Amino acid sequence: MTLSDKPQFRSSALLRRKRRRLTVFSTSLIFVTGVLLGGGTYFSHLQKVSIDRAYVEGNAAVSSEEILSSLREEIQGKYFGLFSRRNIFLYPKKEISSKLLQDFPRLAAASVGFRDFQSITVEVEERKASGIWCGENREQKTDCYFMDGDGFLFAKAPQFSSRIFVEYYGPISSTTPLRSSMLFPEELHRTWYFLRELGQLGLIPQSFHAGTTAKREIVFGSGGRLIFESGRDYGELLRDLKALLESEPFKGFDRGVFDLDYIDTRLGSKVFYKKK
């Protein structure tokens, strides 16, 4: 062998050693990965850590069976065709919560938690009706929908609901009422307070009307109307109403019947009214 052959020989031997090491490493990696995947797959399907029971808490209008049926759909199948979605350590908590809120607009919140190694607890919070929305205006009254404190429409209301809840009329965020919201949510929050305070004065509202203009109306059972401007300070408006109802012309006035055509407060501190 000549001197010029040695570097080439050493380079070839070094390359073979690197190839053997790479082969060993690759084989080991494939083996370990296979063991982990096989072991993980086996473990994910063990009955001792698989969900076979779920308990529902906090529901009333939405049945437990409806909620459980939606949950079962979400834990069916496998991740990547290998790992069971029913495994207590792997089941999709966030996806279940999101699906329940999507399937049932009546639910305001939903969470899922560990109960034991074979069961979970589903806690839900249902929306509370603050009123019913019955259309954009009373001339085109539609089916009514229950509405929560933020103006979100979450369920169709039966016909008798008008005798229990105040009817609301006004624009909503979508052409489809269910899952829509009334516009002007901040004004709506103040309106809840105002209507409660009217009850303290002995005035019983039947409906509230909010159009696309600044005009607002509250209609009472007799058909009498309270007319005011959007943005009006409700505290000031209540004081003006109280002063009017305690004035001489209104002595003996039956507030529960509200036998007036209207009370119009749109001119600031001046209040106009018309008797029937």
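Everything numeric in this text was worked out from a predicted model, so none of it was measured.

1. Quick word on the packing of helix 4 (residues 185–200) against helix 5 (residues 234–245)
- Axis separation between helix 4 and helix 5 bottoms out at 10 Å; the angle between their running directions is 25°. Classified by the angle their axes make, helix 4 and helix 5 are roughly parallel. As for how helix 4 packs across helix 5, the hand of that crossing is right-handed. Where helix 4 approaches helix 5, its residues Glu 187, Arg 190, Thr 191, Tyr 193, Phe 194, Glu 197 and Leu 198 are matched on the opposing element by Tyr 234, Leu 237, Leu 238 and Leu 241.
- Tallied by class, residues from the contact of helix 4 with helix 5 come to seven nonpolar, one polar and three charged.

2. Focus on the state of the cysteines
- Counting across every chain of the model gives one disulfide.
- Between the sulfur atoms of Cys 134 and its disulfide mate Cys 144 the distance is 2.1 Å. Across the disulfide from Cys 134 to Cys 144, rotation about the S-S bond amounts to roughly 110°, and the bridge is consequently right-handed. Taken together, the positions of Cys 134 in the loop between strand 6 (131–133) and strand 7 (145–147) and Cys 144 in the loop between strand 6 and strand 7 put the pair 10 residues apart, joining distant regions of the chain.

3. Observations regarding the packing of aromatic side chains
- Enumeration according to the criterion identifies 10 aromatic pairs in this entry.
- Ring geometry for Tyr 168 against Phe 208: centres 5.7 Å apart, planes inclined by 55°, an arrangement best described as tilted. Within this pair, whereas Tyr 168 is found in strand 9 (residues 167–169), its partner Phe 208 is found in strand 10 (residues 205–210), the two being separated by 40 residues in sequence. Both residues of the pair, Tyr 168 and Phe 208, belong to the buried class.

4. Remarks on the pattern of salt bridges
- Taken as a whole, this structure holds 20 salt bridges when the rule is applied.
- For Asp 240, the salt bridge identified is with Arg 232, shortest N-O distance 2.7 Å.
- Classification of Arg 232 as buried rests on a relative accessible area of 11%.
- Where salt bridges share partners, they join Arg 138, Glu 139, Lys 215, Glu 217, Arg 225, Asp 261 and Lys 274 into one cluster.

5. A short note on the packing of helix 2 (residues 64–74) against helix 3 (residues 93–103)
- Contact geometry of helix 2 with helix 3 gives a least axis separation of 10 Å together with a crossing angle of 135°. With respect to their mutual orientation, helix 2 and helix 3 come out oblique. Note that helix 2 runs across helix 3; the crossing there is right-handed. Residue-level inspection shows Ile 67, Ser 70, Leu 71, Glu 73 and Glu 74 of helix 2 in contact with helix 3, the latter providing Glu 95, Ile 96, Lys 99, Leu 100 and Asp 103.

Conventions used here
Residues numbered from 1 in each chain as written. Predicted model: local features only at pLDDT ≥ 70, side-chain atom pairs only at ≥ 80, totals over all residues. Heavy atoms only, no water. Axes fitted to C-alpha atoms, helices over the stretch in contact; angles between N-to-C directions. Helix = DSSP H or I, 4+ residues; strand = E, 2+ residues; numbered from the N terminus. Parallel < 35°, antiparallel > 145°, perpendicular 65-115°, else oblique. Left-handed = near helix turned anticlockwise from the far one by under 90°. Contact = heavy atoms within 4.5 Å. Nonpolar A, V, L, I, M, F, W, Y, C, P; charged D, E, K, R; others polar. Disulfide = S-S within 2.5 Å. Phe/Tyr/Trp six-rings, centres within 6.5 Å; stacked < 30°, edge-to-face > 60°. Buried < 20%, exposed > 50% of the residue type's maximum accessible area, 1.4 Å probe, protein only. Salt bridge = Lys/Arg side-chain N within 4 Å of Asp/Glu carboxyl O.

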